[in-house]
Amino acid sequence: MSEFEFSTLGMLLLLLALIAGYSYWQVYRAQRALRPRQVEVEVIDEPVAVHVEPPQQWVQPPVEVAPIVSEPEIIDEPLVEQVPPPDVQFFSQQDESEHAALTVFEPLMRFAAWAQSAQPQPIHSIDGVLDIVLSQPKNNTDIERALEDLRLDFDLPLRLYGRRAGQELGVWQALETGVLYSGLRLTLQLANLTRYANSAVIQDWFVLAQKLTKRLAATVHVWPDPAALASYAVYLHDLAKNLDAPMVVQLHKTVGLWPAYEVHQHMTQWGVSLNEHGQYVAHAQDGKVLYSVLNDINNPRAQDFYKDALPTMHVNTLSFCVDLARVDVAYRPSLRLWHDLEQIAQGLQGTWCNAHNVPLDVAALMSHADIHINAYYQQLHDINIPAGSLMLRRLLRG
């Protein structure tokens, strides 16, 4: 190696030694800078733990520290123990009784749900109509003779009305003896609670009208659309099924049975009489039936209330049933039911239950009644079949 290379290598080694020395000096300086702070912390802690001289000799530092450490534990423990857990059984029973009160109005809520989905239009008639124009006036005898020759074996009600001769705009009336008629109206009730007029029934009705017009030398100017009539009949039948569901409130004896004669005594005391069908019935002053009382509707083996069986009969559950659709609003049948039920329940010491024999909250029942019964009446009025109307009662006949 040349002299220049030796000098260069020496300078590099010297430079590395300087760098290493400088790094070591920085580390040593940093350690010296930290060492006084550690001593200072120890000096501060030492008087607190050892050298602090209290004014009285008996006060020791451990006595002061111990309460500070244990005090949070002493405070927290009683707070947890003093908070009582919620009574789950109480709240579940309360919710169940309120829900049981709401289920009494399930028939009304079910109809409201159907009306919301079906969007029913106002109903003006539940009958199909065929108007027959006679070429010459006929009396009642000729018309009846023609009807006797024709078969009228319809399951649905079929009616014939007449319009008197000389009264082109007269009212359609039932046929009377000795009266001449210039027109006839043949009607077919399209539906009721148990059945509806399908396409075959409507076609038979048309054939009957054609035979009648032929026998009486008459004509039918307008024939309705049979498909539209059949569709409308299905709608009316569906409406009747959604309306035919009475509200039921039951009176239940929790322990034991009631003697039937005791039940009879309390029923008659509040004007609820026993009819020939073995049911107790509440009447208005004009004789209109407001509600009925049956022997446990959930028990198929429960016998009816017949007078000859009352002395030996025992009862566990009384079922109070009110069909709001069949009773005019003016009678206020639900108010009569609540009043009688309260008095009879007090006399028999029975428990109010829903249709499934679950005890209910009477206050919640009254609160729901104001809402759901009024809404139900309004819905019937909106579709032109008010509660208790003749058209609605015809529709609900089986």
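Since we're looking at a predicted model, the values are computed, not measured. (Residues numbered from 1 in each chain as written. Predicted model: local features only at pLDDT ≥ 70, side-chain atom pairs only at ≥ 80, totals over all residues. Heavy atoms only, no water.)

S.K.: Sorry if this is basic, but what is going on with the side chain of threonine 213 here?
M.R.: By the element assignment, threonine 213 lies in helix H6 (residues 199–216). According to the relative accessible area criterion, threonine 213 is buried, its value standing at 10%. In this structure, threonine 213 is in contact with Ile132, Ala218, Thr219 and Val220, ignoring residues within four places of it in sequence. (Helix = DSSP H or I, 4+ residues; strand = E, 2+ residues; numbered from the N terminus. Buried < 20%, exposed > 50% of the residue type's maximum accessible area, 1.4 Å probe, protein only. Contact = heavy atoms within 4.5 Å.)

S.K.: Would you mind going over helix H8 (residues 260–269) with me for this structure?
M.R.: Owing to its 3.6 residues per turn, the α-helix brings residues three or four apart onto one side. Among all positions of H8, only Ala260, Val263, His266 and Met267 are buried. All buried residues of H8 lie within an arc of 125° about the axis, which places them on one face of the element. Exposed side chains of H8 directed beyond 90 degrees from the buried face belong to Tyr261, Gln265 and Gln269. Phi turns positive one or two residues past the end of H8, at glycine 271, with a value near 80°. (Arc of directions from axis to C-beta.)

S.K.: Explanation requested: the packing of helix H5 (residues 140–148) against H6 in the structure shown.
M.R.: The angle between the axes and the distance between the axes are what describe a pair of packed helices. H6 packs onto H5 with a crossing angle of 135° between their chain directions and a minimal axis gap of 10 Å. One way to sum up the angle between H5 and H6 is to call them oblique. Here H5 runs over H6; the crossing is right-handed. On the side of H5, the interface is formed by Asp142, Ala146 and Leu147, while H6 contributes Leu212, Arg215 and Leu216. Grouping the constituent residues of the contact of H5 with H6 by class yields four nonpolar, no polar and two charged. (Axes fitted to C-alpha atoms, helices over the stretch in contact; angles between N-to-C directions. Parallel < 35°, antiparallel > 145°, perpendicular 65-115°, else oblique. Left-handed = near helix turned anticlockwise from the far one by under 90°. Nonpolar A, V, L, I, M, F, W, Y, C, P; charged D, E, K, R; others polar.)

S.K.: It is not clear to me how the pattern of salt bridges should be interpreted in this structure. Could you clarify?
M.R.: As a working rule, side chains carrying opposite charge can pair if their charged atoms are close by. In this structure the tally under the stated criterion is seven salt bridges. Note that arginine 394 and aspartate 127 form a salt bridge whose closest N and O atoms lie 2.8 Å from each other. Pair noted here: arginine 394 is in helix H11 (residues 390–395) and aspartate 127 is in strand E1 (residues 127–139), with a separation of 267 residues, a long-range link. One exposure class covers both arginine 394 and aspartate 127, and it is buried. The salt bridge involving glutamate 176 is made with arginine 164; its shortest N-O contact spans 3.0 Å. In this pair, glutamate 176 is assigned in the loop between strand E3 (173–174) and strand E4 (180–189) and arginine 164 in strand E2 (residues 158–164), connecting sequence segments twelve residues apart. Residue arginine 164 is classed as partly exposed on the basis of its relative accessible area of 29%. Overlapping salt bridges, with partners in common, bring together Asp244, Asp323 and Arg326 in one network. (Salt bridge = Lys/Arg side-chain N within 4 Å of Asp/Glu carboxyl O.)

S.K.: What is the right way to read the sheet that holds E2 from this model?
M.R.: The strands making up a sheet associate through backbone hydrogen bonding, with each pair oriented either parallel or antiparallel. Spatially, E3-E2-E4-E1-E5 is the arrangement adopted by the five strands of the open sheet, whose pairing is antiparallel. Looking along the sheet, the strands with just one partner apiece sit at the ends: E3 and strand E5 (218–220). As paired elements, E2 and E4 share seven bridges and run antiparallel to each other. Across the sheet, arginine 159 pairs through a bridge with threonine 187, a residue of E4. Lying on the sheet, H5 is in contact with E1, E2 and E4; it crosses E1 at an angle near 125°. Across the sheet, H6 touches E1, E2, E4 and E5, and the angle it forms with E1 is around 10°. (Pairing = 2+ DSSP bridges.)

S.K.: Please clarify how the nonpolar core should be interpreted in this entry.
M.R.: Nonpolar side chains tend toward joint burial in soluble globular proteins. Ranked by internal contacts, the top residues of the largest apolar core, which has 91 residues, are Leu251, Leu318 and Phe320. Excluding residues within four positions of it along the chain, leucine 318 makes contact with Val249, Gln250, Leu251, Trp258, Val263, Met267, Val293, Leu294, Phe305 and Leu348. (Core = buried A, V, L, I, M, F, W, Y, C linked by side-chain atoms within 4.5 Å.)

S.K.: Can you walk me through the sheet that holds strand E8 (residues 272–274) in this structure?
M.R.: Pairing in this open sheet of six strands is antiparallel, and the strands run E8-E9-E10-E12-E6-E13 from one edge to the other. Every interior strand has two partners, whereas the edge strands, E8 and strand E13 (351–353), have only one. Looking at each pair of strands side by side, their axes are set apart by 25° on average, direction ignored. Bridge count between strand E9 (residues 280–283) and strand E10 (residues 289–295): four bridges; the pairing is antiparallel. Pairing of alanine 282 across the sheet is with tyrosine 291, part of E10.

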